[in-house]
Amino acid sequence: MNTATKLSGFALGLAAVFGTAYGVGHLAGPVTPAADTRHDPAGAAHDSDPPGGGPAGATAHLPGGLLVSDRGYTMQPVDAPTGQFAFRIAGPDGTPVTSYEVAHDKRMHLIVARRDLSGFRHVHPELSADGTWRVASPLGGPGVWRAFADFTPSGGDPLTLGVDVAVPGQLQPRPLPAPATSTTVDGYTVTLAGTPQPGRTSQLTLTVSRDGQLVTDLEPYLGAYGHLVALRQGDLAYLHVHPEGGPGDGRTPAGPAVTFSAEVPSAGSYRLYLDFRHGGAVHTAEFTVLAGDVPPAPTTNPAAPAPTADAGHGAPGHGHN
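Heads up: these notes are all about the structure in this document. All values reported here derive from a predicted model rather than from experimental measurement.

### Structural notes on the sheet that holds strand 18 (residues 227-232)
In spatial order, the strands read 19-18-21-22; together these four strands make up an open sheet with antiparallel pairing. The open sheet has two edge strands with one neighbour each: strand 19 (238-241) and strand 22 (281-291). Neighbouring strand axes in the sheet, compared pairwise and without regard to direction, differ in orientation by 20° on average. Where strand 18 and strand 21 (residues 268-278) come together, six bridges link them in antiparallel fashion. Across the sheet, the residue bridging to histidine 227 is aspartate 275, located in strand 21.

What follows is the structure in structure tokens.
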């Protein structure tokens, strides 16, 4: 990515506009600055109060990814050569953060999604000595993308910061694919059991099969048999959930089912993205789900969702790194 790809200065304004359609967390009304979404030891993501309360308490129960700056940390996209995406995390003292905790085998998880949810990538940048994170650009085509930095600074709390990035060019926004309990990707069929419920933890079980046979030899990916990201339509409130159990714990089978405990913050339409590894490649299955009593949004034919074909996935493995 070069300087033609610009940070949208109106990112928070967009979040506020879209957020009016969906109450955030347990509040009603438009989106306000949000705190991070945390991960508990059981794998479920929850919203947590910041240590010590104080001014941040007003946003303590809101989902992650809606703020470019939170608790003194700021996500700062920087210029990069064509074909690359680069950013820094500035710390409370204004200087780039250079020390991070390892979470699920990586120090930084970068998730990008186009604002109409027709594109999605989950990649892992490399950190330079000066605090700059660099990766081959995951932005697969024109439009406004939301970039989420999911990380834990050394000695700090988990954070998810988000910023809008505009890629020039013409884009015809796509309606959200219809809700469905089954989808296919790279020759695999993934079925979903369970329905997310606003404000309380729900079990979601995703089962993987191929050519009519259940897959019982899923491969570990980032220390788990699957990773689930949920994005709320409109403001793209972010939830990153890891499964119950894991490889090598003596009790968790390597498929075909992967179970997650997840709590979505409000009623609305959500897009779910399941990353799983099999056959030496990472695959991403996508679902639209409705949480709570909400009318479905305009949708496409669920049999032909065309979710991420132009989002840089291309070859098997979907470009994860």
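### Some thoughts on the nonpolar core
Within the largest apolar cluster, 27 residues are counted, with the highest numbers of intra-cluster contacts made by Val190, Leu206, Leu228, Leu272, Leu274, Phe276 and Phe287. Of all the secondary-structure elements, those providing two or more residues to this core are strand 15 (188-193), strand 16 (202-210), strand 18, strand 19, strand 20 (257-262), strand 21 and strand 22. Ignoring any residue separated from it by four or fewer positions in sequence, one finds leucine 272 in contact with Leu192, Leu204, Leu228, Val229, Ala230, Ala285, Glu286, Phe287 and Val289. Counting residues in hydrophobic clusters, the runner-up holds 24 residues, among them Met75, Val97, Met108 and Phe151.

### With respect to the sheet that holds strand 5 (residues 73-78)
Remark on secondary structure: sheet strands pair via backbone hydrogen bonds, oriented parallel or antiparallel. Read from one edge to the other, the open sheet built from five strands follows the order 4-5-6-10-9, with strand pairing classed as antiparallel. Only two strands of the sheet have a single neighbouring strand rather than two, namely strand 4 (69-70) and strand 9 (126-127). Across two bridges, the pairing between strand 9 and strand 10 (residues 132-136) is antiparallel. When the bridges of strand 10 are listed, leucine 127 appears paired with tryptophan 133.

### Observations concerning the pattern of salt bridges
For the coordinates displayed, the defined rule picks out nine salt bridges. Its salt-bridge partner being arginine 115, residue aspartate 164 comes within 2.9 Å of it at the nearest N-O pair. Taken together, the positions of aspartate 164 in strand 12 (residues 159-167) and arginine 115 in the loop between strand 7 (109-114) and strand 8 (120-123) put the pair 49 residues apart, joining distant regions of the chain. When sorted by exposure, aspartate 164 lands in the same class as arginine 115, which is buried. Of the charged contacts in the structure, one is a salt bridge between arginine 271 and glutamate 286, with a shortest N-O distance of 3.2 Å. With arginine 271 in strand 21 and glutamate 286 in strand 22, the pair connects residues that are 15 residues apart, well separated along the chain. In the salt-bridge network here, residues are joined through shared partners; they are Asp70, Arg71 and Asp157.

Conventions adopted
- Throughout this document, residue positions are counted from 1 along each chain, in the order its sequence is written.
- pLDDT decides what is reported in this predicted model: residues at 70 or higher carry local features, side-chain atom pairs at 80 or more are listed and counted, and totals for whole chains, interfaces and linings draw on all residues regardless.
- Heavy atoms from the whole structure form the basis of all side-chain values; hydrogens and water molecules are not counted.
- At least two DSSP bridges between two strands are required for those strands to pair.
- For the purposes of this entry, the term helix denotes a DSSP run of H or I that reaches at least four residues, the term strand denotes a run of E that reaches at least two, and both are numbered from the N terminus.
- Angles here are taken between N-to-C directions and fall from 0 to 180 degrees, while the axes themselves are lines fitted to C-alpha atoms, restricted in helices to the stretch in contact.
- Only buried residues count toward a nonpolar core. Its members are Ala, Val, Leu, Ile, Met, Phe, Trp, Tyr and Cys residues joined through side-chain atoms within 4.5 Å.
- Residue burial is assigned from relative accessible area. The probe radius is 1.4 Å, only protein chains are included, and a residue is buried under 20% of its type maximum, exposed over 50%, and partly exposed in between.
- We call two residues in contact when some of their heavy atoms are within 4.5 Å.
- Throughout this description, the term salt bridge denotes a Lys or Arg side-chain nitrogen within 4 Å of a carboxyl oxygen of Asp or Glu.

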